[in-house]
2 protein chains.
Amino acid sequence: MARRPEDIPRSESPQDHLEAVTRLIAKQKLVEDLVHRQGEQDGRKPALVEGLVHKQNLAELQKRLDGLHPADVAYVLEGLPPLDRIAVWGLVRSDRDGEILLEVSDAVRETLLADMDSAEIVAAAQHLDADEIADLAPDLSEEIVQDIIEAQDVDERAELQSALSYPEGTVGALMDFEVVSIRDDVTVEVALRYLRRYDELPAQTDAIFIVDRDDRLLGVLPLNKLLVTDPDVEVASIYQQNVVSFAADSDAEEAARAFERYELVSAPVVSADGKVTGRVPVQAVLDYVRERQEQQELAKVGLREEEDIFSTVWASVKNRGPWIALNLCTAFIASRVVGAFEGSIEKLAALAALMPIVAGIGGNTGNQTATLIVRSLALGQVSASNARRLLARELGVAVTSGVIWGSVLGVVAWMLYRNVALGGVMAMAMMLNMIVAALAGLFIPLTMERFGRDPAVGSSVFLTFITDSMGFFVFLGLATIFLI
Amino acid sequence: MARRPEDIPRSESPQDHLEAVTRLIAKQKLVEDLVHRQGEQDGRKPALVEGLVHKQNLAELQKRLDGLHPADVAYVLEGLPPLDRIAVWGLVRSDRDGEILLEVSDAVRETLLADMDSAEIVAAAQHLDADEIADLAPDLSEEIVQDIIEAQDVDERAELQSALSYPEGTVGALMDFEVVSIRDDVTVEVALRYLRRYDELPAQTDAIFIVDRDDRLLGVLPLNKLLVTDPDVEVASIYQQNVVSFAADSDAEEAARAFERYELVSAPVVSADGKVTGRVPVQAVLDYVRERQEQQELAKVGLREEEDIFSTVWASVKNRGPWIALNLCTAFIASRVVGAFEGSIEKLAALAALMPIVAGIGGNTGNQTATLIVRSLALGQVSASNARRLLARELGVAVTSGVIWGSVLGVVAWMLYRNVALGGVMAMAMMLNMIVAALAGLFIPLTMERFGRDPAVGSSVFLTFITDSMGFFVFLGLATIFLI
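Thresholds applied
- Residues numbered from 1 in each chain as written.
- Chains lettered and ligands numbered in written order.
- Predicted model: local features only at pLDDT ≥ 70, side-chain atom pairs only at ≥ 80, totals over all residues.
- Heavy atoms only, no water.
- Helix = DSSP H or I, 4+ residues; strand = E, 2+ residues; numbered from the N terminus.
- Buried < 20%, exposed > 50% of the residue type's maximum accessible area, 1.4 Å probe, protein only.
- Contact = heavy atoms within 4.5 Å.
- Areas by Shrake-Rupley, 256 points an atom, 1.4 Å probe, with all protein chains shown as cover.
- Lys, Arg positive; Asp, Glu negative; His and termini not counted.
- Charge placed at Lys NZ, Arg CZ, Asp CG, Glu CD.
- Pairing = 2+ DSSP bridges.
- Least-squares fit on C-alpha atoms with pLDDT ≥ 70 in both.
- Buried area = accessible area lost by both parts, 1.4 Å probe.
- Salt bridge = Lys/Arg side-chain N within 4 Å of Asp/Glu carboxyl O.
- Polar contact = N/O pair within 3.5 Å; in protein donor to acceptor, adjacent residues only side chain to side chain.
- Nonpolar A, V, L, I, M, F, W, Y, C, P; charged D, E, K, R; others polar.
- UniProt positions renumbered as here; feature names shortened; annotations may be inferred.
- Domains from an automatic or database assignment.
- Phe/Tyr/Trp six-rings, centres within 6.5 Å; stacked < 30°, edge-to-face > 60°.
- Lys NZ or Arg CZ within 6 Å of the ring centre and 35° of its normal.
- Patch = residues over 30% accessible without salt bridge, like charges linked within 9 Å, V, L, I, M, F, W, Y side chains within 5 Å.
- Core = buried A, V, L, I, M, F, W, Y, C linked by side-chain atoms within 4.5 Å.
- pLDDT = per-residue confidence, 0-100.
- Axes fitted to C-alpha atoms, helices over the stretch in contact; angles between N-to-C directions.

(A) The overall build of chain A, seen in detail. Regarding its fold elements, chain A presents 21 helices and 5 strands. Across its three principal directions, the C-alpha atoms of chain A cover 90 × 85 × 40 Å. When the 484 residues of chain A are sorted by exposure, 53% land in the buried category. The contacts of chain A with a sequence gap of at least 6 include a subset with a gap of at least 24, amounting to 68%. Surface summary for chain A: the accessible area is close to 21100 Å², and the carbon and sulfur share equals 56%. Charge centroids of chain A, computed over 43 positive and 73 negative side chains, lie 6 Å from each other.

(B) Molecular detail of the pairing of strand β5 (residues 276-281) of chain B. All names here are of chain B. Counting buried residues along β5, 5 of its 6 residues qualify, which places the element largely inside the surrounding structure. When strand β4 (residues 266-270) meets β5, the two strands line up antiparallel, connected through 5 bridges. Opposite P268, over in β5, you have R279 as the bridge partner. In this antiparallel pair of consecutive strands, β4 and β5, the connection spans 5 residues, and G274 shows a positive phi of 85 degrees.

(C) Focus on the relation of the copies chain B and chain A. Once turned by 180 degrees and shifted 0.0 Å along the axis, chain B lies on chain A with an RMSD of 0.1 Å. Here the copies are linked by what is in effect a two-fold axis. When C-alpha distances to the rotation axis are compared across chain B, the minimum falls at E346 of chain B, with a value of 2.2 Å. When you check the interface residues of chain B against chain A, 99% turn up at the interface there too, and the contact is symmetric in its surfaces.

(D) Local environment of the interface of chain B and chain A. The partner chain A presents 134 residues to the 134 residues of chain B that form the contact. Here chain B packs against chain A, burying approximately 11700 Å² in sum over the two surfaces, 60% of which is carbon and sulfur. For the pair chain B and chain A, the interface holds 13 salt bridges. Between R375 of chain A and E294 of chain B there is a salt bridge, with its nearest N and O atoms 4.0 Å apart. Scanning the region where chain B abuts chain A turns up 35 residue pairs in polar contact (both at pLDDT 80 or more). In terms of residue class, the side of chain B that touches chain A is made up of 68 nonpolar, 34 polar and 32 charged.

(E) Region of interest: the UniProt feature "transmembrane region" (unreviewed entry) in chain A. Residue and element names in this part refer to chain A. Listed under "transmembrane region" (unreviewed entry) in the UniProt record, and renumbered for this structure, are residues 395-417, 423-444 and 456-483. Secondary structure across residues 423-444 divides into 100% helix and 0% strand, with the first and last C-alpha atoms of the span separated by 31 Å. Secondary structure across residues 456-483 divides into 96% helix and 0% strand, with the first and last C-alpha atoms of the span separated by 40 Å.

(F) Looking closely at the domain arrangement of chain A. Residue and element names in this part refer to chain A. When its domains are assigned, chain A resolves into domain 1 (5-167), domain 2 (181-300) and domain 3 (313-482). One C-alpha centre belongs to domain 2, the other to domain 3, and the line joining them spans 48 Å. Carbon and sulfur atoms make up 52% of the surface buried where domain 2 meets domain 3, a total of about 490 Å² over both sides. Considering only the side of domain 2, the residues that lose the most area to domain 3 are R257, Q296 and K300, jointly responsible for 77% of the buried surface there. Counting across the domain 2 and domain 3 interface gives 1 salt bridge. Between D454 and R292 there is a salt bridge whose closest N-O contact spans 3.7 Å. Counting across the domain 2 and domain 3 interface gives 1 residue pair in polar contact (both at pLDDT 80 or more). Residues that form the side of domain 2 that touches domain 3 fall into these classes: 1 nonpolar, 1 polar and 3 charged.

(G) Quick look at the UniProt feature "domain: CBS" (unreviewed entry) in chain A. All names here are of chain A. In the numbering used here, UniProt assigns the feature "domain: CBS" (unreviewed entry) to residues 175-237 and 239-297. Segment residues 175-237 splits into 24% helix and 22% strand. End C-alpha atoms: 29 Å apart. Between the end C-alpha atoms of residues 239-297 there is a gap of 42 Å, over a span that is 46% helix and 19% strand.

(H) Just the packing of aromatic side chains, in detail. As enumerated under the stated definition, the model contains 6 aromatic pairs over all chains in all. Their ring planes at 85 degrees and their centres at 6.0 Å tell us that Y194 of chain B and Y198 of chain B sit as a pair that is edge-to-face. A residue is classified by how much of its surface remains accessible, and Y198 of chain B, at 25% relative accessible area, is partly exposed. Here R336 of chain A stacks its cationic end above the ring of F332 of chain A, 5.7 Å away from the centre of that ring.

(I) Fine view of a nonpolar patch on the surface. Residue and element names in this part refer to chain A. Where nonpolar side chains cluster on the molecular surface, the patch consists of V411, W414, M415 and V420 and spans about 390 Å² of accessible area. If one sorts the elements of the nonpolar patch by residue count, helix α19 (residues 387-417) sits on top with 3 residues. Relative to the helices and strands, V411 resides in helix α19. A relative accessible area of 41% means that V411 is categorised as partly exposed.

(J) Representation of the side chain of E253 of chain B in the model. Tracing the backbone shows E253 of chain B in helix α13 (residues 252-262). Overall, the relative accessible area of 13% leaves E253 of chain B in the buried class. A distance of 2.8 Å separates polar atoms of two side chains, one belonging to E253 of chain B and the other to R292 of chain B. Not counting the four nearest positions on each side in its chain, E253 of chain B is found in contact with R290 of chain A together with Y288 and R292 of chain B.

(K) Geometry of the environment of A349 of chain B. Inspection of the secondary structure assignment puts A349 of chain B in the loop between α16 (342-347) and α17 (350-378). Relative accessible area serves as the criterion here: at 3%, A349 of chain B is assigned to the buried category. Spatially, the C-alpha atoms of A349 of chain B and V104 of chain B are 54 Å apart, while their sequence positions differ by 245 residues. Once residues within four sequence positions are removed from consideration, A349 of chain B is found in contact with E342, I345 and E346 of chain A.

(L) Spatial organisation of the nonpolar core. Ranked by size, the top nonpolar core spans 132 residues in total, and within it L77, I148 and F259 of chain A together with L77, I148 and F259 of chain B carry the most contacts. Beyond its immediate stretch of four places on either side in the chain, F259 of chain B contacts Q283 and L286 of chain A together with F246, L264, V265, S266, A267, V280, P281, V282 and V285 of chain B. With 68 residues, the next largest nonpolar core counts A359, V425 and V474 of chain A together with L476 of chain B among its residues.

(M) Just the confidence of the model for chain A, in detail. All names here are of chain A. This prediction gives chain A a mean pLDDT of 88; 94% of its residues lie at or above 70. Mean pLDDT across the elements of chain A bottoms out in helix α1 (residues 14-42) (75) and peaks in helix α20 (residues 420-450) (95). Confidence over residues 1-10 falls short of pLDDT 50; this stretch has 32 contacts with residues more than four positions distant or in other chains.

(N) How the structure looks around the sheet that holds strand β3 (residues 217-222) of chain B. All names here are of chain B. Strand order in the open sheet formed by 3 strands is β1-β2-β3, with mixed pairing between adjacent strands. If you trace the sheet from one side to the other, it starts and ends with β1 (181-183) and β3, each paired once. In this sheet, neighbouring strand axes are inclined to one another by 35 degrees on average, regardless of whether the strands run parallel or antiparallel. With 3 bridges joining them, β1 and strand β2 (residues 207-211) adopt parallel strand pairing. Along β2, the bridge assignment pairs I182 with I210.

(O) Spotlight on the pairing of strand β4 (residues 266-270) of chain A. The element β4 of chain A is extensively covered by neighbouring structure, given that 5 of its 5 residues are classed as buried. Neither face of β4 of chain A is open: one carries S266, P268 and V270 of chain A, the other A267 and V269 of chain A, and all of them are buried.

(P) Expanded view of unusual backbone geometry. Residues and elements named next belong to chain B. Within the chain, E263 stands out as a residue other than glycine whose phi angle is a positive 55 degrees. Accessibility expressed as a relative area gives 23% for E263, which makes it partly exposed. Here the phi dihedral of R418 falls at roughly 50 degrees; this positive angle occurs in a residue that is not glycine. Relative to the elements of secondary structure, R418 occurs in the loop between α18 (387-417) and α19 (420-450).

(Q) Just the sheet that holds strand β3 (residues 217-222) of chain A, in detail. Residues and elements named next belong to chain A. If you walk across this open sheet you meet the 3 strands as β1-β2-β3, and the pairing is mixed. Edge positions in the sheet fall to β1 (181-183) and β3, since each of these pairs with one other strand and no more. If you compare each strand with its neighbour and ignore which way they point, the axes differ by 35 degrees on average.

(R) Fine view of the pattern of salt bridges. Scanning all chains against the criterion turns up 47 salt bridges over all chains. With a shortest N-O distance of 3.7 Å, E99 of chain A and R96 of chain A are connected by a salt bridge. For the pair E99 of chain A and R96 of chain A, one class covers both residues: buried. With a shortest N-O distance of 3.5 Å, R216 of chain A and D212 of chain A are connected by a salt bridge. Note on D212 of chain A: relative accessible area 21%, which makes it partly exposed. The structure contains a network of salt bridges with shared partners spanning E253, R257, E260, R292, R375 and D454 of chain A together with R290 and E294 of chain B.

What follows is the structure in structure tokens.
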């Protein structure tokens, strides 16, 4: 269901709403507490007083919630600890449940859905459009989704099944079905009259789609153009024939780049035979860009969106476990590299103190290279034709930086331990590990991209693994050869 | 200047354009090469043949460039190595220079501007709107900006000076001046007639602003609403009175969240006395969100947007230097912590092999906590009232994870070195460092936020510094007490 702009309150920020609700809840608790204690003193339960004040408070809270935009209610729910959150959720008008579920974060949605029974969820879905139900579906059980599908009428059911069929990350998942289209053989006046038959146009309609008699897309007519054109002019003479359109199964990231590039507000989605199947509104793109960004941030340190600061301790421990386990494995292997040189370390303990520097700086420079490559991949700057040039450049940077920083550290090690040979080994190891880091920073993201993995997410673990292990190996190896 | 949707070509992707241009350049080079060699053989310079083929090729390239959307030209320029890029830039029609400069990345913009003289830059700016010139200004010298200001007529000059006054990260920097506003005491028909006097409405106009006789904002009238309303109805009875509006000096990130939350396409910017000074279009928000994300990515590993994969080796070495230097300092301090225990390591070299695990896993868990906190800060979930609960929760997670993973590693260390006491020290050190990591992951972002720094960017260096140093200290300290 499209947001009605009418019910957007503006004078207060979402933070204000959260504070107001928190205050009301605290007040309610205070009353409960007071009444409870008094009851204990009197030896009876003053149900009447409690009931009255209780009701008054609840009514105030409920009134406030009813006045809020769904996104603001979502913000309030996200900011409340679990018990208060469920209490407030119970006060939300049930016809607004659906649109609020759409707005909350995954972690909070899970807790809210856990508080609803199947009938309530199916009822909430009745207030949503097909594309919105599809957004909720991943968090629902197979059975409930089936119940929701059966509760729809025939037209809606087809749309819903189509919406459910698009995996996350495709244009289909950003698409809605709120298309306004007209034929090209009418005048502007007819078009205007046709539009006036709507009670309201779908939100973010910036253009109407022009189609032929078989519903195939011919072009788009921006409302801006329609509004400034003389009513007698034919639509055929003013619509844009070259339009950005997408296939439902194409990559959402590509579509997002096109929205940025061409400053689109909405774009049609067409099937293989050129028929209009839906449209992508810019807001779906904005949400997608932000959500993808947040998911990547979390995925980089092995977190999932299902965890937030109100999750239980045990849920967090489990959520973070696989990541720690993976890093333990890589750290263990690096540790075995050091283990192989324990003999050398026994003879010269300074090696133990210096080896983390070689490994750490390798990790830093490798991550710089990897970040640059990930960005260039996203911008489409990396191609087969410039891969060799890129390799030469990164090696050039690594060797130059290696000479500079290797020398600095070599001198520091020499001064610190009054040992020229140790300084020389340090400098050489730094330089070699920076070259290793540059190669890893270049090839790990390229390889991940080639195998269809998101290079922004997993590169760092592999990279640190390589720069740590190789850093230890090169430094301790050189030391064993030249110093021991 | 608003993008004309008419000049957007759709059938080919920007990658296709880049490949086509690269092919044309290669062909051109081949011809030059061939002609040059032939010339050497003949002992004379065949200027005529070269000139002809040359001209034909250039004309084809130029024609292709002229047909491209400015954003596509920008994409092509970004994807070309520096020399080819400058050659292609020379072929771009000079009246398009401005809009293309707006679209390219900072690194590429620098190279293009370096190729232009002041007069060319001032001329390019003549084709841009005030807000667009302001976007370019940070990359221009003080003098050139002054020349551009002087070249504007009086009205434009005032807008430009206003646009230049807003720092990056404020709503003012996202604002343009393309406002369409009408009074509220007219009918829909009058409003429609008024709009028809425009040749075209500004891009991304989804609503017209309703103002009183002093130009103070009363509300907005969505074009969607205007189009479906009977012409005889008064505008006063249909416009929305509660609108999301921003002050020019408010935080751009807040505005971006409001655009997402309320699904806005554009929003008015008002002065302190309620007058409309401009508007924020959703595309400026989308660009801002994406650009901020990319800047954060780069800043996290100490890169600046000025570097790309075509920068010179020396520019990259300089660009990355400060970051490496900072990390060297922290690594050096951690190394001195190890240095203090060299006596213990000499006696038990296994400590050197095991210590990187304790430090590394501390860094991993600390970064998980920090990422979660940074996200919660962005969502406004962290407040003074729940800080203590948050601390308790993170400590709970740290202790639980510490017991689990500490035990695992303790057993591994025990088996590996057949030394129960070493296993015990390992387990204890792991647990303690995970607690340190949780505290660091919690307090570092909170402190950065309090001091107005972006917690997403600098947290990781501090955090790794603490988990490394403390990891070494705790592990080697315990080992010295119990094992040596």
